Amino acid sequence: KRSKTIFRINKNIRNADVVVCISHFVKEDFLKNIHLFKITKKPRVEVVYNGINFPDEKNREIKKFGFLKSKNYLLNIGVLYPKKNQLCLVEMLTLIQEDLVLVSADISPSYEKKIWEAVKNHHLEDRVHFFTCVTEEEKIWLLQNCRALVHPSIAEGFGVPPIEAMFFGKPVFLSNLTSLPEIGGDLAFYFQNFSPEHMADVYEKGMKNYDAAPEDYAYKLRQRANIFSAANM
């Protein structure tokens, strides 16, 4: 799989004058591993972030999510794969009061099985809610009404969900790996490891920080999100 991927990428870039990367992390990673490719001439390597078209901010009612209105829930958006690391969020839930909403457009059946085993072992069936293939309107509602976005991914080239959450002024809790510190900057809260105790501590301290001045914090988060707007990019 690795060889096929390298072959495909090399076919695309070997004659390129310019290679555009979606983050400085990707650029550094590419330059560090450029020896893997048979490039005919050394390209100029530039960074252009993925530009995001932000939606309007109308908070429409979504009937199927009505039960969530009375809950404080953490939101995770992303494919349900080991690299997205959602299992540690289930473990963290045993130490905090909030619910967890997982939204995914694609799943690894074996990883999904591990997650639901953990949910059952910890008796969290009433606190973990899983949705697949939500519409854009539904995703917006979930973002607008969540307590925070949690994104402990261990493999990112960019990181769209944290930016979408910041656009709505929501606090974001990220891993400190790959491109995520570049996306969240000094406004995000970071997990240094994935033990339930550490993650719960980071979450509780982060929310205390956010709740001390929510309007000011939300304004700064929106300002940061707008850096990545499609218009700017």
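The coordinates are above.
These lines cover the structure that appears in this document, whether it is placed above or below. A quick note: this is a predicted structure, and the numbers were derived from the prediction, not measured. (Residues numbered from 1 in each chain as written. Predicted model: local features only at pLDDT ≥ 70, side-chain atom pairs only at ≥ 80, totals over all residues. Heavy atoms only, no water.)

1. Some thoughts on the overall build of the chain
Inference 1: Helices and strands together make up the secondary structure of the chain, namely nine helices and eight strands.
Inference 2: A compact globule built from 233 residues should have a C-alpha radius of gyration of about 17 Å, and the chain, at 19 Å, falls within 12% of that.
Inference 3: Dimensions along the principal axes, computed over C-alpha positions, put the chain at roughly 60 × 40 × 35 Å.
Inference 4: Within the span of the chain, comprising 233 residues, buried residues form 46% of the whole.
Inference 5: Sequence separation of 24 or more characterises 75% of the internal contacts of the chain that already satisfy a separation of 6 or more.
Inference 6: Summing over all exposed atoms, the chain offers an accessible surface of approximately 12400 Å²; the carbon and sulfur share of this is 51%.
Inference 7: Within the chain, one finds 32 positive and 28 negative side-chain charges whose respective centroids are separated by 8 Å. (Helix = DSSP H or I, 4+ residues; strand = E, 2+ residues; numbered from the N terminus. Rg over C-alpha atoms; globule rule 2.2 N^0.38 Å. Buried < 20%, exposed > 50% of the residue type's maximum accessible area, 1.4 Å probe, protein only. Contact = heavy atoms within 4.5 Å. Areas by Shrake-Rupley, 256 points an atom, 1.4 Å probe, with all protein chains shown as cover. Lys, Arg positive; Asp, Glu negative; His and termini not counted. Charge placed at Lys NZ, Arg CZ, Asp CG, Glu CD.)

2. A closer look at the layout of surface pockets
Inference 1: Put simply, the largest pocket is a space of about 700 Å³.
Inference 2: If you go around the largest pocket, you meet 21 residues; those closest to its centre are Thr5, Ile9, Val26, Asp29 and Phe37.
Inference 3: When residues of the lining of the largest pocket are traced back to their parent elements, those giving at least two are helix H1 (2–13), strand S1 (18–21) and helix H2 (24–32).
Inference 4: For the lining of the largest pocket, the element with the highest residue contribution is H1, accounting for five residues.
Inference 5: Partitioned by chemical class, the residues of the lining of the largest pocket number 12 nonpolar, four polar and five charged. (1 Å grid on protein atoms, 1.4 Å probe; cavity = no way out; pocket = protein on both sides within 12 Å on 5 of 7 lines; lining within 4 Å. Points joined across faces, edges and corners; volume = space filled by probe spheres on them. Nonpolar A, V, L, I, M, F, W, Y, C, P; charged D, E, K, R; others polar.)

3. Some remarks on unusual backbone geometry
Inference 1: With a phi angle near 55°, His123 is a residue other than glycine that sits in the positive phi range.
Inference 2: Tracing the chain through its elements places His123 in the loop between helix H4 (109–121) and strand S5 (128–132).
Inference 3: On the basis of relative accessible area, His123 is assigned to the exposed category, the value being 65%.

4. Topic: the sheet that holds strand S7 (residues 172–175)
Inference 1: Strand order in the open sheet formed by six strands is S5-S4-S3-S6-S7-S8, with parallel pairing between adjacent strands. Each edge of the sheet is formed by a strand with only one pairing partner; in this case those strands are S5 and strand S8 (189–191). Between one strand and the next, the sheet's axes are offset by a mean angle of 25°, whatever the strand orientation.
Inference 2: Bridge analysis of strand S4 (residues 99–104) against S5 gives five bridges, and the strand direction is parallel. Within the sheet, the bridge partner assigned to Ser104 lies in S5 and is Thr132.
Inference 3: Along the sheet, helix H5 (residues 136–145) contacts strand S3 (73–77), S4 and strand S6 (148–151); its crossing angle with S3, the most-contacted strand, is approximately 140°. (Pairing = 2+ DSSP bridges. Axes fitted to C-alpha atoms, helices over the stretch in contact; angles between N-to-C directions.)

5. Some details on a nonpolar patch on the surface
Inference 1: Judged by side-chain polarity, Val18, Val20, Val48, Ile227 and Met233 come together as a nonpolar surface patch covering roughly 370 Å² of accessible area.
Inference 2: Relative to the helices and strands, Val48 is located in the loop between strand S2 (44–47) and S3. (Patch = residues over 30% accessible without salt bridge, like charges linked within 9 Å, V, L, I, M, F, W, Y side chains within 5 Å. Salt bridge = Lys/Arg side-chain N within 4 Å of Asp/Glu carboxyl O.)

6. Focus: the packing of aromatic side chains
Remark: the centre distance and the inter-plane angle together describe each pair of aromatic rings, the angle taken between the planes.
Inference 1: All told, the structure shown has 14 aromatic pairs when counted by the stated rule.
Inference 2: Relative to Phe158, the ring of Tyr49 has its centre 5.9 Å away and its plane inclined at 35°; by these criteria the two rings are tilted. Of the two residues, Tyr49 is situated in the loop between S2 and S3 and Phe158 in the loop between S6 and helix H6 (160–167); the sequence distance between them amounts to 109 residues. One exposure class covers both Tyr49 and Phe158, and it is buried.
Inference 3: Ring geometry for Phe173 and Phe191: centres 6.3 Å apart, planes at 25°, overall stacked. (Phe/Tyr/Trp six-rings, centres within 6.5 Å; stacked < 30°, edge-to-face > 60°.)

7. Observations regarding the nonpolar core
Inference 1: Residues Leu75, Leu142, Ile163 and Phe173 are the most contacted members of the largest nonpolar core, which totals 64 residues.
Inference 2: In contact with Phe173, not counting residues within four places along its chain, are Ala148, Leu149, Val150, His151, Phe189, Phe191, Val202, Tyr203, Gly206 and Met207.
Inference 3: Of all hydrophobic cores here, the second largest spans eight residues; its members include Ile6, Val19, Cys21 and Val45. (Core = buried A, V, L, I, M, F, W, Y, C linked by side-chain atoms within 4.5 Å.)

8. Here's the deal with H1
Inference 1: The first and last C-alpha atoms of H1 sit 17 Å apart over 12 residues, in line with the 16 Å expected at 1.5 Å per residue.
Inference 2: All buried positions along H1 are accounted for by Ile6, Asn10 and Ile13. Relative to the axis of H1, the buried residues are bounded by an arc of 75° and lie together on one face. Away from its buried face by more than 90 degrees, H1 exposes Lys4, Phe7, Arg8, Lys11 and Asn12.
Inference 3: For H1, the elements touching its buried residues are S1 and H2. (Expected span 1.5 Å × (residues − 1). Arc of directions from axis to C-beta.)

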